[in-house]
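What follows is each chain in one-letter form.
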Amino acid sequence: MGKRISRASSDTVWLAVLLMPALLLPVALILMPALCTFVNGCMQDVTFMPRRWAGLANYARLVQDPALFHSLRFTLLFIAVSVPLELACGLLLALLMQVQSPLRGMLRALVLIPWAIPAAIAGRVWELIYSYNWGPANYLVKLTGAPAVNWLGSSTGAFLAIVIADLWKTVPFVAIILLAGLSAIPEHLYRQAEVDGASFIRRFVAITLPLLRPVMIVAILFRTIDALRIFDLIYILTSGGPGGATSSLSLLGYTYFVGGDFGYGSAISTLIFLIALLVALLVVRIGRFGSSMR
Amino acid sequence: MFVLSTAGERRLQRLLYAAGFCGALFFLLAPVIFMLLTALSQRPDFLGNNYVMTTRHFREILTTPSLHFVRYCINSLAISIASAGITTIIASGGAYVATRFPFKGRTAVLLMILSLSMFPQICIAGYLYRIIAAAGMVNTWLGLILPYIAWIMPLTFWILISYFSQIPQELDRAAFIDGCSPLRTLVTIVFPLAAPGLFSTLLLAFIFTFNEFMFALILTNDHAARTVPVGIALFQGLHGELPWGVIMAASVITTLPVILMALLFQRHIMQGLTRGAIKG
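Computed from a predicted model, the values in this text were never measured in an experiment. (Residues numbered from 1 in each chain as written. Chains lettered and ligands numbered in written order. Predicted model: local features only at pLDDT ≥ 70, side-chain atom pairs only at ≥ 80, totals over all residues. Heavy atoms only, no water.)

1. Considerations on the overall build of chain B
Scanning chain B from N- to C-terminus turns up 13 helices and zero strands. The linear arrangement of helices and strands in chain B, starting from the amino end, is α-α-α-α-α-α-α-α-α-α-α-α-α. A compact globule built from 280 residues should have a C-alpha radius of gyration of about 19 Å, whereas chain B, at 23 Å, is more than 25% larger. Going through the 280 residues of chain B one by one, you find that 54% of them count as buried. A separation threshold of at least 6 residues defines the contact pool for chain B, and within that pool the share at least 24 residues apart is 74%. Of the roughly 12,100 Å² of accessible surface on chain B, 68% is carried by carbon and sulfur atoms. (Helix = DSSP H or I, 4+ residues; strand = E, 2+ residues; numbered from the N terminus. Rg over C-alpha atoms; globule rule 2.2 N^0.38 Å. Buried < 20%, exposed > 50% of the residue type's maximum accessible area, 1.4 Å probe, protein only. Contact = heavy atoms within 4.5 Å. Areas by Shrake-Rupley, 256 points an atom, 1.4 Å probe, with all protein chains shown as cover.)

Listed below in structure tokens is the structure:
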């Protein structure tokens, strides 16, 4: 009996010794700063001025701020355009990677390259690609006979430029996730359908898409939250320009932090967090709802 | 896998596959090839002009002290290796007890860790800067290593849990009965069995920290601790015009090891990624 108790209590000690270090830094350097930021959203906190409670003043300012409205619209539009495109291209790429072929291994290796390159470097490369006078993007455009596009200097051009560069960087990730989902679909389902005379497209719609649904939802969740906080690529490609047209919410928050207005920057960050939370709950909810219908 | 019935369908699929493969190859590789071509070109505007090859951009980036590129590389490597290594070690202990000892609030702890990885970085950055500044660690290696450990811990933890839960518990129970402590069991029994999983986790943690941008941008001010992505992002020309050849040479040098790692350890990385995502 005594032995048993000492074993149980030593288990507790081990639990603490091995688990605590894993929790310590994330709590101290992720959770704490985040909570402080949320509280700070209700503070007047500007460099060289005493910090004081401001209630909802920052949020009142948020609601009336045209720059914030712009940022919010850009970010939501970016999500609405890029996430569906990422999913479509990612699915195509995943299907390609699944086909039995001598080239399969090569494709599966190469797909990791855009994913593995630092976003900052990808941003620099795409900045060069979009160069107005001699970038390859306009070189291709001019080959088709169309006039050169002012990629980074016009608001539509910059939006497209960011979407395309982001696609290049993120489609591989989506494809890898979807490939795992595709590989989990039992092959005998396809054989059965083939025996029943179902066509290529019919098999895709009736078997692949529904069985891929849970993985799709994971991919949508990850990509939406990631697109919501997009920063690196925009910081390098346009710095939010021209005239704030491509300033994402994260970039706007960053400019206030750097500019010394911590209170307002915190309010914007809190807004981003709340949207992320809402998106997560919504995606999970829709996902569950769909599967309970089946 | 599609099983195709008619010869017509089969031919159509082969054609589609060829077209898709070429398209995918172009999409994935064209920017990287362009980066390499620019780095090796005398001038950046070589499209439609003569291509004159040179290695001078590579020599310039590696030998010009005022560019600090070599220093950025050392910073990046040291910071990423330290963060990835320490995180994997610490997380493996935590993930081990989380898979082996059912305790009160286990689900709550796991969910909290998972939700930490969902926090947008901008929500952390402002106060993280204040904490690191208060500790006097801005612009030091440690000032980036500690946040990085915190930042990749949730993902690392989560991937390791999925690997560890696949190892039969009977093995370490046998070790317990022989009187091994949990730590010793972890090191002598679980580590060897989970070696491929640990390696995948380490690789992913390295790539994530090596590529991280926002924290590195905020927490460093010069070459003492600045990492390569920030260094390349903030590259300014000495004479106004951006030195594209030099920037691309730096990008090639930085990307090369990452690409090599991706090609060599493709299976490990893919496995780690899908585990991290799908279990999450």
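2. A look at helix H6 (residues 119-129) of chain A
Counted residue by residue, H6(A) has eleven buried out of eleven residues, so it is predominantly covered. Turning to H6(A), its buried residues are Ala119(A), Ala120(A), Ile121(A), Ala122(A), Gly123(A), Arg124(A), Val125(A), Trp126(A), Glu127(A), Leu128(A) and Ile129(A). Against helix H7 (136-143), helix H8 (155-183) and helix H11 (232-237) of chain A together with helix H1 (7-39), helix H11 (228-233) and helix H12 (244-264) of chain B lie the buried residues of H6(A).

3. A look at the interface of chain B and chain A
Taken together, the contact pairs 93 residues of chain B with 97 residues of chain A. Interface area for chain B against chain A, summed over the two sides, is near 8,900 Å², with a carbon-plus-sulfur share of 81%. Applying the counting criterion to the chain B and chain A interface returns twelve residue pairs in polar contact (both at pLDDT 80 or more). Looking at the side of chain B that touches chain A, the element that brings in the most residues is H1(B), giving 15 residues. (Buried area = accessible area lost by both parts, 1.4 Å probe. Polar contact = N/O pair within 3.5 Å; in protein donor to acceptor, adjacent residues only side chain to side chain.)

4. Some thoughts on the domain arrangement of chain B
Residue and element names in this part refer to chain B. Partitioning chain B into structural domains gives domain 1 (7-58) and domain 2 (67-279). Computed over C-alpha atoms only, the centres of domain 1 and domain 2 are separated by 32 Å. Every contact between the two is made by eight residues of domain 1 and, on the other side, ten residues of domain 2. Carbon and sulfur atoms make up 89% of the area that domain 1 and domain 2 hide from each other, which totals about 710 Å². Here domain 1 and domain 2 share zero residue pairs in polar contact (both at pLDDT 80 or more) between them. Mapped by element, the contributors of at least two residues to the side of domain 1 that touches domain 2 are H1 and helix H2 (56-63). Split by residue class, the side of domain 1 that touches domain 2 holds six nonpolar, two polar and no charged. (Domains from an automatic or database assignment. Nonpolar A, V, L, I, M, F, W, Y, C, P; charged D, E, K, R; others polar.)

5. Quick notes on the packing of aromatic side chains
Tallying each qualifying case throughout the model produces 25 aromatic pairs over all chains. Ring geometry for Phe34(B) against Phe46(B): centres 5.6 Å apart, planes inclined by 35°, an arrangement best described as tilted. Pair noted here: Phe34(B) is in helix H1 and Phe46(B) is in the loop between H1 and H2, with a separation of twelve residues, a long-range link. On the basis of relative accessible area, Phe46(B) is assigned to the buried category, the value being 7%. Put simply, the rings of Trp126(A), Tyr130(A), Trp151(A) and Trp168(A) pair up and form one aromatic cluster. (Phe/Tyr/Trp six-rings, centres within 6.5 Å; stacked < 30°, edge-to-face > 60°.)

6. A word on the nonpolar core
Within the largest apolar cluster, 189 residues are counted, with the highest numbers of intra-cluster contacts made by Trp115(A), Phe157(B), Phe164(B) and Phe213(B). Considering each element in turn, this core owes the most residues, 16 residues, to H8(A). Structurally, this core is a two-domain feature, drawing no fewer than three residues from each of domain 1 (7-58) and domain 2 (67-279) of chain B. (Core = buried A, V, L, I, M, F, W, Y, C linked by side-chain atoms within 4.5 Å.)

7. A few points about the confidence of the model for chain B
Of all residues in chain B, 95% have pLDDT values of 70 or greater, and the mean over the chain is 87. Mean pLDDT values over the elements of chain B span from 79, in helix H13 (residues 266-279) of chain B, up to 95, in helix H10 (residues 214-219) of chain B. (pLDDT = per-residue confidence, 0-100.)

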